[in-house]
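Observations on chain architecture
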Amino acid sequence: MDTAQDTSRNTARVLVVGIDGVRLDLLPELATPHLDGIARAGFLAPVEVDSVTPTMSGPCWTTIVTGVGVAKHGVWANRFDGNRLDVFPDFTTRLAAECGRRTFAVGGWAPLFLAQQGGPLFVAPARLAYIAPREDTPEGWEEVDEKVTAEAEHLLGVDDDLHAGFVYLGAVDETAHFLGCGPEYRRSIEAADRRLGRLLTAVRQRPGHATEDWTVIVVTDHGHRDEGGHGGRSPQERTAWIAACGPGLPAGTAPSALHHADVAAHVYTALGITPDPHWTLDGTAFTA
Ligand SMILES: [Zn+2]
């Protein structure tokens, strides 16, 4: 009988919110109360995109959700052709396929969710939702993120047995590409924070919340140049960040060196799963 052990393990839940292209250096100027709350309860700390990884969405998100670097997962650009996700799957897929856990992934950037541009990155979570942009503009992407947030709220509300989810918000990055890192970009970051707040509320309002132990991780993939754009090695482009709170993450204790690959590693650890050596994760749990 290992009921007690199973019971404790099964109370662990993880939500990962990915907000694309948020500059760390601008956050202190902006109203992001929900992100600030996570930082106070746990930490918010910089991540430097390592020198072999292009500061692009495809490789960085793949590292974040697989826990391995570009040399293993093979995603070097925003096309996902030639990837090795069959060997190094994202955490929503591995948890569903190998660990029997209920997972979801939702967002609006096609190659993460669809068989386009060599994708998808999220191969087979238990639930997958893709919301297509009506038009490829900042306004179109704000609409997408609204619908993505609503879908994630729905999934958090209806799935009693949910163990882990990934929510992708893309409007901030798109706004920077169209308009640079000016007032519209800053407003978009604040809008993303309000959506984060809705997701946190949805977690708290889950029917079983009183018996669940949630870890929340918020992460960005890269920054932007002032005029908008990324892919180079300037500090503005290569500086990303991770914020997280939850069991085992005491307030104010940021890990000394954080890497994007640590996100997936922490997801497994938070769920009580010891990563199999054959997964050859490059990341380690935030507490390690
Ligand atoms: Zn990106």
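Everything below is about the structure shown above.
First, a word on what this report is: a plain description of the structure on this page. From a predicted model like this one, the values you see are computed outputs, not experimental measurements.

**Quick notes on the overall build of the protein**
Along the backbone of the protein there are 11 helices and seven strands. The buried share among the 288 residues of the protein stands at 55%. A separation of at least 24 residues holds for 72% of the contacts in the protein among residues at least 6 apart in sequence. A total of about 11,400 Å² of accessible surface is found on the protein, and carbon and sulfur atoms cover 53% of it. Put simply, the protein has 23 plus and 38 minus side-chain charges, and the middle of one group is 1 Å from the middle of the other.

**Comments concerning the coordination of the zinc ion**
Here the zinc ion is held by D20 (OD), D20 (OD), S57 (OG), D221 (OD) and H222 (NE2), and the distances to it run 1.9 to 2.7 Å. Here the donor residues for the zinc ion map to a single chain with the spacing D-x36-S-x163-D-H. You can call D221 buried: its relative accessible area is 0%. The class for H222 is buried, based on a relative accessible area of 0%.

**Description of the environment of T92**
Examined against the element boundaries, T92 turns out to sit in helix α5 (residues 91-98). Between the C-alpha atoms of T92 and V65, which are 27 residues apart in sequence, the distance is 8.1 Å. Once residues lying within four places of it in the same chain are set aside, the contact partners of T92 are T103, F104, A105, F122, A124, P125 and F166. A distance of 2.3 Å separates a polar atom in the side chain of T92 from a polar atom in the side chain of D90.

**Re empty space enclosed by the protein**
The tally for this structure, following the rule as stated, stands at one cavity of 30 Å³ or more. Reported here for the largest cavity is a volume of approximately 60 Å³. In this structure, the largest cavity is lined by I19, V22, L27, T32, L35, I189, A192, D193, L196 and W241. The element contributing the most residues to the lining of the largest cavity is helix α9 (residues 183-204), with four residues. Residue classes in the lining of the largest cavity are distributed as eight nonpolar, one polar and one charged.

So, how was this worked out
- The residue count restarts for each chain, going from 1 along the sequence in the order it is written.
- Two thresholds apply to this predicted model, a pLDDT of at least 70 for residue-level local features and 80 or more for giving and counting side-chain atom pairs, whereas whole-chain, interface and lining totals are computed over all residues.
- To get the side-chain values, all heavy atoms of the structure are used, and hydrogens and water are removed first.
- Each helix is a run of H or I in the DSSP string that is no shorter than four residues. Each strand is a run of E no shorter than two, and both are numbered from the N terminus.
- A 1.4 Å probe rolled over the protein chains alone gives each residue an accessible area, and that area as a share of the maximum for its type sets the label: buried under 20%, exposed over 50%, partly exposed in between.
- Residue contacts are counted whenever heavy atoms from the two residues lie within 4.5 Å of one another.
- Calculation of accessible area relied on Shrake-Rupley with a 1.4 Å probe; when residues are assessed, cover is drawn exclusively from the protein chains displayed.
- Under the convention used here, Asp and Glu are negative, Lys and Arg are positive, and both His and the chain ends fall outside the count.
- For the purpose of locating charges, the reference atoms are NZ of Lys, CZ of Arg, CG of Asp and CD of Glu.
- Listed donors are limited to N, O and S atoms within 2.8 Å of the metal, widened to 3.2 Å for Na, K and Ca; water is not among them, so incomplete-looking sites are possible.
- Identification of polar contacts relies on pairs of N or O atoms within 3.5 Å, with a donor-acceptor requirement for protein atoms, meaning one able to donate a hydrogen and the other able to accept it, and with residues adjacent in sequence counted only if both atoms are side-chain atoms.
- Grid points spaced at 1 Å and placed over the protein atoms alone form the basis of the search, with a cavity being a set where a 1.4 Å probe fits but cannot get out and a pocket an open set showing protein on both sides within 12 Å along at least five of seven lines. Lining residues have an atom within 4 Å of a point.
- Grid points are joined across faces, edges and corners, and a volume is the space filled by probe spheres set on the points.
- In the scheme used here, Gly and all other residues not listed as nonpolar or charged are polar, with Ala, Val, Leu, Ile, Met, Phe, Trp, Tyr, Cys and Pro taken as nonpolar and Asp, Glu, Lys and Arg as charged.

These figures capture arrangement, not role.
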